[in-house]
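The lines below spell out each chain.
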Amino acid sequence: QVQLVESGGGLVQPGGSLRLSCVASGFAFKIYGMTWYRQAPGKKREWVAGISSDGGNTNYADSVKGRFTIFRDNAKNTLYLQMSSLKPEDMAVYYCKARVNNADYWGQGTQVTVSS
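Summary of the structure given here. The shown structure was predicted, so the numbers you read here are calculated from the model rather than taken from an experiment. (Residues numbered from 1 in each chain as written. Predicted model: local features only at pLDDT ≥ 70, side-chain atom pairs only at ≥ 80, totals over all residues. Heavy atoms only, no water.)

Some details on the overall build of the chain
Counting secondary structure elements, the chain contains zero helices and 11 strands. Each helix (α) and strand (β) of the chain, taken in turn from the N terminus, gives the series β-β-β-β-β-β-β-β-β-β-β. The C-alpha atoms of the chain give 13 Å as radius of gyration, which agrees with the globular expectation for 116 residues (13 Å, within 12%). Considered along the principal axes of its C-alpha atoms, the chain spans approximately 40 × 25 × 20 Å. Burial analysis of the chain (116 residues in total) assigns 45% to the buried set. Pairs at least 24 apart in sequence give 51% of the contacts found in the chain among residues at least 6 apart. Total accessible area computed for the chain in this model is approximately 6,100 Å², and 47% of it derives from carbon and sulfur atoms. (Helix = DSSP H or I, 4+ residues; strand = E, 2+ residues; numbered from the N terminus. Rg over C-alpha atoms; globule rule 2.2 N^0.38 Å. Buried < 20%, exposed > 50% of the residue type's maximum accessible area, 1.4 Å probe, protein only. Contact = heavy atoms within 4.5 Å. Areas by Shrake-Rupley, 256 points an atom, 1.4 Å probe, with all protein chains shown as cover.)

Structure below.
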């Protein structure tokens, strides 16, 4: 079955960096686009970034453009989100998502806390 496992979250000071990972299994990772979402307390889950199956095309929410980078390693079945210049408003649970055969699959999420 499809499984997505995120990791890499933690506590970071404003202006700091983190790299999130999402290890995928149970499907042909290399043929699917992937996305990152986040959900802050009391807010709706929001789309953060997306990447094509071969990594050649990426797009970002305006709120993270220029600070976050989405990339993937298809040999390792792993999706990444490099986050830099973190702000308190980036604090959220971050999720990776795969859409496989018209069904959405989510990981369990990883908490990112931005605080001094």
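And the narrative resumes.
So, the sheet that holds strand β8 (residues 78-83)
A sheet is described by the order of its strands in space; here four strands give the open sequence β1-β3-β8-β7, paired in antiparallel fashion. Where the open sheet ends on each side, the last strands, each with one partner, are β1 (3-7) and β7 (68-73). Mean inter-strand twist for the sheet, computed between neighbouring axes without regard to direction, equals 15°. Two elements, β1 and strand β3 (residues 18-25), share five bridges in a ladder whose sense is antiparallel. Of the residues in β3, the one forming a bridge with Q3 is S25. (Pairing = 2+ DSSP bridges. Axes fitted to C-alpha atoms, helices over the stretch in contact; angles between N-to-C directions.)

As for the side chain of E6
Here E6 shows up in strand β1. In terms of polar contacts, E6 uses its side chain to reach the backbone amide nitrogen of Q108, at 2.9 Å. Within polar-contact distance, the side chain of E6 engages the backbone nitrogen of G109 at 2.9 Å. In this structure E6 touches S21, C22, W36, Y94, Y95, C96, G107, Q108, G109 and T110, once residues within four positions along its chain are discounted. (Polar contact = N/O pair within 3.5 Å; in protein donor to acceptor, adjacent residues only side chain to side chain.)

Geometry only, nothing functional implied.
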